Amino acid sequence: FTGILFGCSKSFFLKNEFKRYANPLYIIAAISIIFMALQGFSVDPIHSPLEPNGTINQNQSLGLKSGLFLLPPFNAIFCTIVGALFIFLNSWIGFLLLIPTIDARCSASALAWAFLIPFWVYWKKRRFFIPVLVLGILGFASYTIYDFQSDKLTYGSRFESWHLMFKQSGENSFMGWGP
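Residues numbered from 1 in each chain as written. Predicted model: local features only at pLDDT ≥ 70, side-chain atom pairs only at ≥ 80, totals over all residues. Heavy atoms only, no water.

### What about the nonpolar core?
Quick note on the threshold: Side-chain atoms within 4.5 Å link the members of a nonpolar core, which is a set of buried Ala, Val, Leu, Ile, Met, Phe, Trp, Tyr and Cys residues. Relative accessibility thresholds used throughout: buried, under 20% of the residue-type maximum; exposed, over 50%; partly exposed, between the two (1.4 Å probe, protein chains only). By definition, any uninterrupted DSSP run of H or I lasting at least four residues is a helix, any uninterrupted run of E lasting at least two residues is a strand, and each is numbered from the N terminus. Only heavy atoms matter for contacts: two residues are in contact if any of them lie within 4.5 Å across the pair.
Counting residues in each nonpolar core, the largest one holds 14 residues, and the members touching the most others are Tyr26, Val82, Phe86, Ile87, Leu97 and Trp113. Every element with two or more residues in this core is listed here: helix H2 (19–40), helix H3 (72–90) and helix H5 (107–124). Residue contributions to this core peak at 6 residues, all from H3. Contact partners of Tyr26, with chain neighbours within four places excluded, come to Val82, Leu85, Phe86, Leu89 and Asn90.

Okay, here's the thing in structure tokens:
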């Protein structure tokens, strides 16, 4: 599916100017970051918790820095996508969108940045590729150790679910799960 999506988007953006579509995304990302800053001070103009009787409590914040999205990982993934666009269109400005990703503690977007940064360095600053790769591996190792020490139950349960997923995907890989 990813290959089809890449092929379609490549075909579309070879024929059309991409910057025309990027500007609205930049504006939404800027608004989302402004909302994250407000939410950091417990001011949340969008998301408010509900009382048990169903009324909105305007005086309380959810305590999440999620920008325009309800959950921080959704905001982190959006900022990662927009950051990738910024990196390849405007260079270093896109790296500022790494901050919401770190703040959200979203491993999916962190993994995307882990591939995106060496890719960018390889094409733009090739002489720094090996040092960035080494730093990336060291960063991954430190994050893994930190993640293991902070939440051993979640860290350990990932491997069990991944093992089950790989096992089930290999059992009926050709015939499928149908009747």
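### Some words on a nonpolar patch on the surface
To keep it simple, the criterion reads: Like-charged residues are merged into a patch within 9 Å and nonpolar side chains (Val, Leu, Ile, Met, Phe, Trp, Tyr) within 5 Å, provided each residue has over 30% relative accessible area and no salt bridge. Per-residue accessibility takes into account occlusion by the displayed protein chains alone, with areas from the Shrake-Rupley method and a 1.4 Å probe. Definition used for salt bridges: Asp or Glu carboxyl oxygen within 4 Å of a side-chain nitrogen of Lys or Arg.
On the surface, Ile130, Leu133, Val134, Leu135, Ile137 and Leu138 cluster together to form a nonpolar patch covering roughly 580 Å² of accessible area. By secondary structure assignment, the location of Leu138 is in helix H6 (residues 129–150).

### Focus: the packing of H2 against H3
Our working rule: The axes are straight lines fitted to the C-alpha atoms, using for helices just the contacting stretch, and the angles between their N-to-C directions are given from 0 to 180°. Roughly parallel means an angle under 35 degrees; roughly antiparallel means over 145; roughly perpendicular covers 65 to 115; every other angle is labelled oblique. Two helices cross in a left-handed way if the nearer one is turned anticlockwise from the farther one by less than a right angle. They cross in a right-handed way if the turn is clockwise.
Close contact between H2 and H3 brings their axes to 10 Å; oriented N to C, the two are set at 130°. As the angle between them shows, H2 and H3 are arranged oblique. Every pair of crossing elements has a handedness; the one defined by H2 and H3 is left-handed. Contact residues: Lys19, Ala22, Leu25, Tyr26, Ile28, Ala29, Ser32 and Met36 in H2; Asn75, Phe78, Val82, Leu85, Phe86, Leu89 and Asn90 in H3.

### Points about the packing of aromatic side chains
Under the convention used in this document: Each Phe, Tyr or Trp ring (for Trp, its six-membered ring) is paired with any other whose centre lies within 6.5 Å, and the angle between the two planes then decides the class: stacked below 30 degrees, edge-to-face above 60, tilted in between. Two conditions define a charge located above a ring, namely a distance within 6 Å from the ring centre to NZ of Lys or CZ of Arg, and an angle within 35 degrees of the ring normal.
Counting across every chain of the model gives 7 aromatic pairs. Arranged with centres 5.0 Å apart and planes meeting at 80°, the rings of Phe95 and Trp120 form a pair that is edge-to-face. Separated by 25 residues along the polypeptide, Phe95 in the loop between H3 and helix H4 (98–104) and Trp120 in helix H5 bring together distant segments of the chain. On the basis of relative accessible area, Trp120 is assigned to the buried category, the value being 9%. Centre to centre, the rings of Tyr122 and Phe129 are 5.2 Å apart; their planes meet at 75°, and the pair counts as edge-to-face. Since its relative accessible area comes to 32%, Tyr122 is described here as partly exposed. The aromatic ring of Tyr122 is capped on one face by Arg126, whose charged end is 4.1 Å from the ring centroid.

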